[in-house]
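Geometric and topological summary
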Amino acid sequence: RIEPQLQSLIPRNGPAFLAEPIWYHLDTGGKRIRPALCLLTCELLGGDSEQALPFAAAVELLHNMLLVHDDIEDGDTVRRNKPTVWKAYGVANAINVGDYLLARAFAAVLRSPVEEALRGRLLEVFTATYERTVEGQALDINARSQEDFTVEDYLRMAMLKTGHYLVLGMIGGAMIARAPEETLACLRAFGE
């Protein structure tokens, strides 16, 4: 159910110098666990998972954008047994690919077939999660030069970099199911 959403957002014959490297990356695999968690959470809380499809796709695009940029930042040359996007297409193209993935992710959130107020809340949680993830990545990048990096620093970095955006789909799915704030708080705590 996610693949058609992704192809609608980024057609394989889409923009020059963007569609090809994006699908090069997306076709390497990945479990699509984050969008699956979005849809499952929505369904389990009594919501219509069809309404959650655009948000689920947005979460998957954000995830892949972060992977493309992380590979550049870490100097990783292989992902899922293939050369990374930056290695196959160059750093400048990979940065641009990541930026485009993020733009399409925001477009997907805005496509959510829910009332405007809820769409605004989804956009807020999506943006806040992206900001926290970038903050965690900044800690990761700069931890390499810190001799006094503690276990507590590492756990904070992991929570920011991974915890929040692992449950982003679940929170979005719960919001689309109109779950109460207590449920959303439990999901946030789970991510942390």
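As shown above, the structure is provided for reference.
So, how was this worked out
Residues numbered from 1 in each chain as written. Predicted model: local features only at pLDDT ≥ 70, side-chain atom pairs only at ≥ 80, totals over all residues. Heavy atoms only, no water. 1 Å grid on protein atoms, 1.4 Å probe; cavity = no way out; pocket = protein on both sides within 12 Å on 5 of 7 lines; lining within 4 Å. Points joined across faces, edges and corners; volume = space filled by probe spheres on them. Helix = DSSP H or I, 4+ residues; strand = E, 2+ residues; numbered from the N terminus. Nonpolar A, V, L, I, M, F, W, Y, C, P; charged D, E, K, R; others polar. Expected span 1.5 Å × (residues − 1). Buried < 20%, exposed > 50% of the residue type's maximum accessible area, 1.4 Å probe, protein only. Contact = heavy atoms within 4.5 Å.

What follows covers the layout of surface pockets. As a volume, the largest pocket reaches approximately 270 Å³. Lining the largest pocket are 16 residues, with L66, D70, T133, Q137 and K161 sitting closest to its centre. Sorting the residues of the lining of the largest pocket by element identifies α4 (49-74), α7 (116-143) and α8 (151-166) as the ones contributing at least two each. In terms of residue count, the dominant contributor to the lining of the largest pocket is α4 (seven residues). Across the lining of the largest pocket, the residue classes tally to seven nonpolar, five polar and four charged. Size it by volume and the second largest pocket reaches roughly 210 Å³. In this structure, the second largest pocket is lined by 15 residues; those nearest its centre are V125, T129, R132, I171 and R188.

So, on to α7. In a regular helix each residue adds 1.5 Å, so 28 residues correspond to 40 Å; α7 covers 40 Å between its end C-alpha atoms and thus fits that length. Of all the residues in α7, the buried ones are L118, L122, V125, F126, T129, Y130, T133, G136, Q137, D140 and A143. Turning to α7, the residues buried within the fold contact α4, α6 (91-110), α8 and α9 (168-176).

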